[in-house]
Amino acid sequence: MAQNIYDKPEFFEGYSQLGRSVHGLAGAAEWPAIRAQLPDLSGKRVVDLGCGFGWFSRFAREAGAAQVLGLDLSEKMIARARADTSDPAIDYRIADLDQLDLPEESFDFAYSSLAFHYVEDFGRLVTTIHRALVPGAHFVFTIEHPIYMASLNPGWRLENGERTWPVDHYSAEGPRTTDWLARGVIKHHRTTGTTLNTLISTGFAIRHVEEWRPTEEQIAEIPALAEEVDRPMILIVKVEK
């Protein structure tokens, strides 16, 4: 079973105060870039993997999706999603993505935001998603960029007056333990090549890969975003079955 860090009180409290938790999709700076990659959701059956508070699940319904299944390992996340949703066409369930099983060809679109870096067996998960989608269906997801999470000691460093981000152990794939909102958060590092080749070998066709960076307009509005230009934090991928 994957680590259920989100149900730890200190982690959940800290996560609940993040901008993307308070303001939803509008609070995620990468959302405009993600939205540009979404297909028409009208009438589609959607699965939201790592749905959190249910922000995307509700957006999908507003965009015309017929049904949405939101899955998350965290009981606290699912409880909050259910409390904030009054739509019988959205079904929230507790599920471990490392052990996920979905009915064959039961969805027209799959989505995930910043969840897969917590998954140890990415290959198994991708195979499960591929099987669950109908032919021609799209799958859009984001993860922490491998450059962002590769280091055994991530964080900005000052070297010769220059601020740098470490990428040590980049090719050494596997678990990384960091302290973020709580101590001992476990993530699973994979290179960009491994991520994309796993999708390809499973049968997905790559349609878009974006090493996200904020726009100049976003930086002007929120100057703190300027540091995201100096190293990629988020990888956006769109594939098609």
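Further up the page is the structure itself.
About the thresholds
Residues numbered from 1 in each chain as written. Predicted model: local features only at pLDDT ≥ 70, side-chain atom pairs only at ≥ 80, totals over all residues. Heavy atoms only, no water. Buried < 20%, exposed > 50% of the residue type's maximum accessible area, 1.4 Å probe, protein only. Helix = DSSP H or I, 4+ residues; strand = E, 2+ residues; numbered from the N terminus. Arc of directions from axis to C-beta. Contact = heavy atoms within 4.5 Å. Salt bridge = Lys/Arg side-chain N within 4 Å of Asp/Glu carboxyl O. Phe/Tyr/Trp six-rings, centres within 6.5 Å; stacked < 30°, edge-to-face > 60°. Lys NZ or Arg CZ within 6 Å of the ring centre and 35° of its normal.

Caption draft 1: Inspection of helix α8 (residues 192-202) at higher detail. Among the residues making up α8, those that are buried are T192, T195, L196, T198, L199 and T202. When α8 is viewed along its axis, its buried side chains cluster within an angular range of 155 degrees and face the same direction. Taken together, the buried residues of α8 touch α6 (122-132), β5 (133-144), α7 (146-149), β10 (205-211) and β11 (234-240). Immediately beyond the C-terminal end of α8, within one or two residues, lies G203, with a positive phi of roughly 120 degrees.

Caption draft 2: Looking closely at the pattern of salt bridges. Tallying each qualifying case throughout the model produces eleven salt bridges. Taking the shortest distance from any N to any O, the salt bridge between R80 and D84 comes out at 2.7 Å. Residue R163 is joined to D230 by a salt bridge in which the shortest nitrogen-to-oxygen separation is 2.6 Å. A residue pair is termed long-range when its members are at least 10 positions apart, and R163 in strand β7 (residues 162-164) and D230 in the loop between α9 (216-221) and β11 qualify at 67 residues. Looking at R163, the relative accessible area reads 38%, which means it is partly exposed. It is possible to trace a salt-bridge network through shared partners that takes in R163, E227, E228, D230 and R231.

Caption draft 3: Structural view of the packing of aromatic side chains. Taken as a whole and assessed by the stated rule, the structure comprises 13 aromatic pairs. Plain terms: the ring middles of W31 and F56 are 6.3 Å apart, the flat faces sit at 70 degrees to each other, and that makes the pair edge-to-face. Taken as a pair, W31 in helix α3 (residues 31-35) and F56 in helix α4 (residues 55-62) lie far apart in primary sequence, 25 residues in all. Taking the centre distance of 6.0 Å and the plane angle of 55 degrees together, the rings of F116 and F139 count as tilted. Taken together, the positions of F116 in the loop between β4 (107-113) and α6 and F139 in strand β5 put the pair 23 residues apart, joining distant regions of the chain. Each member of the pair, F116 together with F139, is buried. Put simply, the rings of W31, F56, F59, F109 and Y111 pair up and form one aromatic cluster. The side chain of R163 reaches across the aromatic face of W156, ending 3.9 Å from its centre.

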